[in-house]
Amino acid sequence: MFITAPGLVQYLHPSQVAPRQTHWPAVTLALERPWYLLVHDVCCHGRRRSQTTLVGWDASLLDLLAQIPVADLSGIARLAPRRGAGPRRALDWMGALWAPAPGESPAVGPLLFRLSGDLQLRTTNGSPVGDAPGRRLLFEAPEA
């Protein structure tokens, strides 16, 4: 499954997009933002199978997490852009994912995460952030 943004339609080249159409900015924003790889179990014909979903929008990831039972989540990875020599993107597995506290600044983004092997909590943009009461744990990776 491949999800970029809610309601996204197939993109066209900017020269072919009428001014009132808004999907082109959604596509270009999705290319600049980190993508998420969501691994979870689904029931199909009475059997449990693993499904992998590539998600390119924070809001879409949150919508999916609201629909998938926590026990069915196997892992979430972040496919983030990298600068410098080497690969353009890197896949980092998340150790945990939170929804920000109700009183937190909108600048932290729609989710907070901790990468596996990293104790620092980070914002959607990857910046470190301190503790705040009222955060809701959405996902925690099973112990290896």
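Anything mentioned here points back to the structure above.
Residues numbered from 1 in each chain as written. Predicted model: local features only at pLDDT ≥ 70, side-chain atom pairs only at ≥ 80, totals over all residues. Heavy atoms only, no water.

(A) Structural context of the nonpolar core. With 17 residues, the main nonpolar core has L38, L61, L65, I76, M94 and L97 as its most contacted residues. Secondary structure elements with two or more residues in this core: strand 2 (35-44), helix 2 (58-67), strand 4 (73-81), strand 5 (89-99), strand 6 (112-115) and strand 7 (136-140). Dropping the residues within four chain positions of it, L65 is found in contact with L38, L73, I76, L97 and L138. Judged by nonpolar contacts, the second largest core, of 6 residues, contains A96, V108, L112 and L121. (Core = buried A, V, L, I, M, F, W, Y, C linked by side-chain atoms within 4.5 Å. Buried < 20%, exposed > 50% of the residue type's maximum accessible area, 1.4 Å probe, protein only. Helix = DSSP H or I, 4+ residues; strand = E, 2+ residues; numbered from the N terminus. Contact = heavy atoms within 4.5 Å.)

(B) Structural view of the environment of G126. Residue position: G126 is located in the loop between strand 6 and strand 7. Measuring from C-alpha to C-alpha, the distance between G126 and P34 comes to 9.7 Å, with 92 residues separating the pair along the chain. Discounting residues that sit within four places of it in the chain, G126 has contacts with R78 and F113.

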